[in-house]
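Overview (structure and organization)
Each chain is listed here by its residues.
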Amino acid sequence: MSENPDRRSLFNRKSALTRLSQDSSSRARWSRSVQQRLEQLNQYPDFNNYLIFVLTKLKSEDEPTRSLSGLILKNNVKAHYQNFPNGVSDFIKSECLQNIGDSSPLIRATVGILITTIASKGELQNWLELLPKLCLLLDSEDYNTCEGAFGALQKICEDSAEILDSDLLDRPLNIMIPKFLQFFKHNSPKIRSHAIACVNQFIISRTQALMLHIDPFIENLFALATDEEPEVRKNVCRALVMLLEVRLDRLLPHMLNIIEYMLLRTQDQDENVALEACEFWLTLAEQPVCKEVLCGHLSQLTPVLVNGMKYSEIDIILLKGDTEEDEAIPDNEQDIRPRFHRSRTVAQQHEEDGIEDDDDEDDELDEDDDTISDWNLRKCSAAALDVLANVFREDLLQPILPLLKELLFHPEWVVKESGILVLGAIAEGCMQGMIPYLPELIPHLVQCLSDKKALVRSITCWTLSRYAHWVVSQPPDTYLKPLMTELLKRILDSNKRVQEAACSAFATLEEEACTELVPYLAFILDTLVFAFSKYQHKNLLILYDAIGTLADSVGHHLNKPEYIQMLMPPLIAKWNQLKDEDKDLFPLLECLSSVATALQSGFLPYCEPVYQRCVNLVQKTLAQAMLYQSQPDQYEAPDKDFMIVALDLLSGLAEGLGGTIEELVARSNILTLMYQCMQDKMPEVRQSSFALLGDLTKACFQHVKPCIADFMPILGTNLNPELISVCNNATWAIGEISIQMGSDMQPYIAMVLHQLVEIINRPNTPKTLLENTAITIGRLGYVCPQEVAPMLQQFIRPWCTSLRNIRDNEEKDSAFRGICTMISVNPGGVVQDFIFFCDAVASWVNPKDDLRDMFYKILHGFKNQVGEGQLETLLRSVPPATEGTPGNLLRGVTVSTAACLITGVTHYGRQYREPLLPREHFTLYWGEGSAC
């Protein structure tokens, strides 16, 4: 991530902050004053006539003043067009069309903006002469008129593409697109560029009018491929990238030439052209033909992408790459991007991991120079290399390893830095192939953390985080300890960019290492707490995340008096310092939620004021929302993120403190507030309120129980898988409530069961939602088997496949007790899918004795019921194990586990008491020693 230090760094910190505050305050007052004056002028009916007159007629004024008049008019159109008198709006339209060919490019552009703003206000249907007139003006012999009309049409195509392709306007594109294609060969590069840009707006939507002319369009693009005008080349590249996505069939015959062309353009002297061309590789990587068409060009493409990953001179200037120590310079508040809270989602733990599974986690490449621009050639090249590494895997290493060897040890820091970025970019896709080189590379990268150039240190932090999983898999003293030691030093670096990169990298290392970090907790906390006194505003927000991730990763190991005494005072000091309206509360509340969950009883001394403030935040936000709803002209809409983070912290408190939160709940109105939140229009509010409901149900059900009759209908209406996270948390809460309610849950089964069965049978449902749905159905069946068992056949197969990979825990235990109870009530419901039930049972590592007995009785009963002959037939129907397809439930290991259960052979280290089928049947169908 990048930084843009305040230019007033020569002043001391206090005076700089004072001046910044005074300047901001003055600007704000001036802006409000101007806005108020403009609103007053808008009360005069003729005001907008004056504005259009200044723009189009008052040529004695300078062009910037005339243009400003037009932009003020544009804002008035956006805000008040429906209130313009007919005479005024007609006059403005007329003047715009008469002056679209003004001799000034600035005035033409402003008129074009004004035209498209009027059109976007729904006026395309009413301004019937607009499109025919603009198309007619394209044929004008006057360049200014043609260019002005094309500029306006380009803006209209950008802003109103959908309506242009509708019957509302009698499909004008049928005329416009052939017209635009005629201008691809115009002698003016600006006109050619406009023409391509207009057509490009309709590629992704596969507009029929364009698809009918797709071949001449592509031919014309090829004809312009080497145009001398950069803007034309850029638009050609953009068109080919979009066509690659929607009309690959038309490009395939020319793919060899297109790839060679894009290789050339990715090295274009104009960076905007190169950037558009570089997008081609990102899009191509998503196509199934990528490997086939690109494999012969990897040796040419790889050095091109690698070269694009170097910082340009302008990048270094913008990033202040020569500034090594800037930690004392206050942040420019405008450079701190707004943070958005991510609502709490409840997930299950899996056999292969130690932390909650998160289907929505964004793992995309994200290195650290955000503020140069949102997207540039360096970032695009790195992203392209990342996705291509995922396509070609180890095949990419052949062309890239020789380059890496040269780059990583290059004497010029800019080249060396790009090599470290390359190494990070290929980490995910080429990990297996890189493993032999990592014992040498990781120590080298750890050394680079001490490089004299801040930009090298910061990118090294990021790249090391991409290899954290491998580092953690090795003996800790070999790589983890040296890496952790150096990263902690970089967290206290004198450069703010390095601090930020180190904090982010350390958070990734925490997620991977989990309890491996426990022996070093004192050292880690000492560093993170010291950073509180060192960091400026922006990095402080990232520090919260590192602390919260540490708490999530080490859990209850953090609950030691010495650790609590180190960590809590600075957090509580920040908590007390921030006002309720300060958005810095978001990351701090998220951090405290994780800390409270980890500390458990250790958080008790801090619990009451934190709890009460969260309740107050929820109450205040709800009150503001009600005021806004009743009087939107008088009040502003509240920022509901304050309420969401407060609900999530309350969830963390309930999870961490358990029953000890009961007194606080008893003395507050949180259940009343939660009832309101559960019905909020904003999905994220409902999502967090359902998570809190589940946690309070577990912690102090005596307070939740009186509200169940009100809560259950709301939960039922939120079982909508279109809103995955809301549905997930509502499902989980229903499961927790059912365990507490027992047979008293019976009146509510009909409210939720059919929706849950629909969800578990729904294709492409995310794993977390499937797992929680299966557990909740199992729990409902456990407490009310007579009501749920009749539907057993409708969900038993997806139920079993959903729970085969989650870890042994109480939720899984209660769900399997439920399924066993339902099978005893309705044994016919499982017969067709019995092999899936066997597989699900085999996923247990260590079931409790009474649950093991339930499994045994069902399996033994099944054998006795169907007889050995029918059981043999069932086993014959199972497809044989196929090597390399372990994910297929009826192949590979799954068949083995089912057979083990039926034969009684040891599986995953446990022995069933008595074979349910003689061993000779097992060897007959799977072969001696082929399983278990």
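Residues numbered from 1 in each chain as written. Predicted model: local features only at pLDDT ≥ 70, side-chain atom pairs only at ≥ 80, totals over all residues. Heavy atoms only, no water.

A look at the overall build of the protein chain
- Along the backbone of the protein chain there are 49 helices and zero strands.
- Residues counted as buried form 56% of the 932 residues belonging to the protein chain.
- For the protein chain, restricting intrachain contacts to residue pairs at least 6 apart in sequence, the fraction spanning at least 24 positions comes to 74%.
- Carbon and sulfur atoms form 50% of the exposed surface of the protein chain, whose accessible area is close to 40800 Å². (Helix = DSSP H or I, 4+ residues; strand = E, 2+ residues; numbered from the N terminus. Buried < 20%, exposed > 50% of the residue type's maximum accessible area, 1.4 Å probe, protein only. Contact = heavy atoms within 4.5 Å. Areas by Shrake-Rupley, 256 points an atom, 1.4 Å probe, with all protein chains shown as cover.)

Structural notes on the side chain of Arg192
- In this fold, Arg192 is placed in helix H10 (residues 189-200).
- A polar atom in the side chain of Arg192 sits 2.8 Å from the backbone oxygen of His186.
- Polar side-chain contacts of Arg192 include one of 3.4 Å to the backbone oxygen of Asn187.
- Contacts of Arg192, omitting those with residues within four sequence positions, involve Phe183, Phe184, Lys185, His186, Asn187, Leu224, Asp227, Glu228 and Val232. (Polar contact = N/O pair within 3.5 Å; in protein donor to acceptor, adjacent residues only side chain to side chain.)

Notes on helix H32 (residues 585-599)
- Helix length check: H32, at 15 residues, gives a terminal C-alpha distance of 20 Å against a target of 21 Å (1.5 Å per residue), a fit within 8%.
- Of the residues one or two after H32, Gln600 is the one with positive phi, at around 55°. (Expected span 1.5 Å × (residues − 1).)

Some thoughts on the nonpolar core
- Trp281, Phe603 and Phe837 are the most contacted members of the largest nonpolar core, which totals 298 residues.
- Per-element tally for this core: the top contributor is helix H34 (residues 641-657), with eleven residues.
- In this structure Trp281 touches Ile259, Met262, Leu263, Thr266, Leu294, Leu301, Leu305, Ala384 and Leu388, once residues within four positions along its chain are discounted. (Core = buried A, V, L, I, M, F, W, Y, C linked by side-chain atoms within 4.5 Å.)

Thoughts on the packing of helix H39 (residues 708-717) against helix H40 (residues 724-741)
- Axis separation between H39 and H40 bottoms out at 10 Å; the angle between their running directions is 145°. Relative to H40, the crossing made by H39 is left-handed. Contacts from Ile708, Met712 and Leu715 of H39 reach H40 at Ala730, Ala733, Ile734, Ile737 and Met741.
- Taken together, the residues of the contact of H39 with H40 break down into eight nonpolar, no polar and no charged. (Axes fitted to C-alpha atoms, helices over the stretch in contact; angles between N-to-C directions. Left-handed = near helix turned anticlockwise from the far one by under 90°. Nonpolar A, V, L, I, M, F, W, Y, C, P; charged D, E, K, R; others polar.)

Some words on the environment of Gln267
- By secondary structure assignment, the location of Gln267 is in the loop between helix H15 (255-265) and helix H16 (271-285).
- Overall, the relative accessible area of 46% leaves Gln267 in the partly exposed class.
- Distance from Gln267 to Asn307, taken between C-alpha atoms, is 8.9 Å for residues 40 residues apart in sequence.
- Only 2.9 Å separates the side chain of Gln267 from the backbone oxygen of Leu263, close enough to count as a polar contact.

With respect to the packing of helix H36 (residues 670-677) against helix H37 (residues 683-699)
- The interhelical angle for the contact between H36 and H37, taken along N-to-C directions, is 140°, at an axis separation of 9 Å. Between H36 and H37 lies a crossing of left-handed hand. Listed contacts from H37 to Ile670, Leu671, Met674 and Cys677 of H36 are Val685, Arg686, Ser689, Leu692, Leu693 and Leu696.
- Residues belonging to the contact of H36 with H37 are distributed by class as follows: eight nonpolar, one polar and one charged.

Points about the state of the cysteines
- In this structure the tally under the stated criterion is zero disulfides.
- Between Cys800, a cysteine without a disulfide, and Cys838, which holds the nearest cysteine sulfur, the sulfur-to-sulfur distance is 8.9 Å.
- With relative accessibility at 0%, the residue Cys800 sits in the buried group. (Disulfide = S-S within 2.5 Å.)

Considerations on the pattern of salt bridges
- Counting across every chain of the model gives 39 salt bridges.
- Between Arg66 and Asp102 there is a salt bridge, with its nearest N and O atoms 3.3 Å apart. A residue pair is termed long-range when its members are at least 10 positions apart, and Arg66 in helix H3 (residues 63-80) and Asp102 in the loop between helix H4 (86-98) and helix H5 (105-123) qualify at 36 residues. Asp102 carries the same exposure label as Arg66, and that label is buried.
- Through salt bridges with shared partners, a single network forms among Asp215, Arg247, Asp249 and Arg250. (Salt bridge = Lys/Arg side-chain N within 4 Å of Asp/Glu carboxyl O.)

So, the packing of aromatic side chains
- Applying the stated criterion to the full structure yields 13 aromatic pairs.
- Look at Trp799 and Phe816: their rings are 5.0 Å apart centre to centre, the planes differ by 65°, and that puts the pair in the edge-to-face class. Taken together, the residues Trp799 in helix H44 (residues 792-803) and Phe816 in helix H45 (residues 810-825) connect sequence positions 17 residues apart.
- Trp799 sits in the buried class, given a relative accessible area of 0%.
- Site record: aromatic cluster; members linked through ring pairs are Trp799, Phe816, Trp844 and Phe855.
- Note that Arg378 overlies the ring of Tyr311, its terminal NZ or CZ placed 3.7 Å from the centroid.
- Lys812 extends its terminal NZ or CZ atom over the ring of Trp844, reaching a point 4.8 Å from the ring centre. (Phe/Tyr/Trp six-rings, centres within 6.5 Å; stacked < 30°, edge-to-face > 60°. Lys NZ or Arg CZ within 6 Å of the ring centre and 35° of its normal.)

Notes on unusual backbone geometry
- Positive phi, close to 50°, is recorded for Arg393, a residue that is not glycine.
- Among the structural elements, Arg393 can be located in the loop between helix H20 (377-392) and helix H21 (397-408).
- Residue classification places Arg393 among the partly exposed positions, given a relative accessible area of 37%.
- Phi at Asn764 is positive, roughly 60°, even though this residue is not glycine.
- Considering the arrangement of structural elements, one finds Asn764 in the loop between helix H41 (749-760) and helix H42 (767-783).
- The class for Asn764 is exposed, based on a relative accessible area of 78%.

Details of the environment of Gln447
- Along the chain, Gln447 turns up in helix H24 (residues 438-448).
- Its relative accessible area of 59% is what places Gln447 among the exposed residues.

Considerations on the confidence of the model for the protein chain
- Here the protein chain shows a mean pLDDT of 84. Residues at 70 or above account for 83%.
- Per-residue pLDDT stays below 50 along residues 351-364; that stretch engages in 29 contacts with residues further than four places along the chain or on separate chains.
- In the model, residues 368-372 has pLDDT below 50 throughout and makes 28 contacts with residues more than four positions away in sequence or in other chains. (pLDDT = per-residue confidence, 0-100.)

Notes on H41
- Taking 1.5 Å per residue as the helical rise, H41 with its twelve residues ought to reach 16 Å, and the 16 Å between its terminal C-alpha atoms agrees with that figure.
- Those residues of H41 lying buried are Ile749, Val752, Leu753, Leu756, Val757, Ile759 and Ile760. Within H41, the buried residues cover an arc of 155° as seen down the axis, which keeps them to one side. Opposite the buried face of H41, by more than 90 degrees, sit the exposed residues Ala750 and Glu758.
- Looking at the packing, one finds that the buried side of H41 touches H39, H40, H42, helix H43 (785-788) and H44. (Arc of directions from axis to C-beta.)

Things to note about a negative patch on the surface
- On the surface, a cluster of negative charge is made up of Glu511, Glu512, Asp545 and Asp552.
- A relative accessible area of 40% means that Asp545 is categorised as partly exposed. (Patch = residues over 30% accessible without salt bridge, like charges linked within 9 Å, V, L, I, M, F, W, Y side chains within 5 Å. Lys, Arg positive; Asp, Glu negative; His and termini not counted. Charge placed at Lys NZ, Arg CZ, Asp CG, Glu CD.)

Notes on the environment of Gly419
- Inspection of the secondary structure puts Gly419 in helix H22 (residues 413-425).
- Overall, Gly419 belongs to the buried group, its relative accessible area being 0%.
- Taking the C-alpha atoms as reference points, Gly419 and Ile459, separated by 40 residues in sequence, lie 9.9 Å from one another.
- Apart from residues no more than four positions distant in its own chain, Gly419 is found in contact with Leu404, Leu407 and Leu408.

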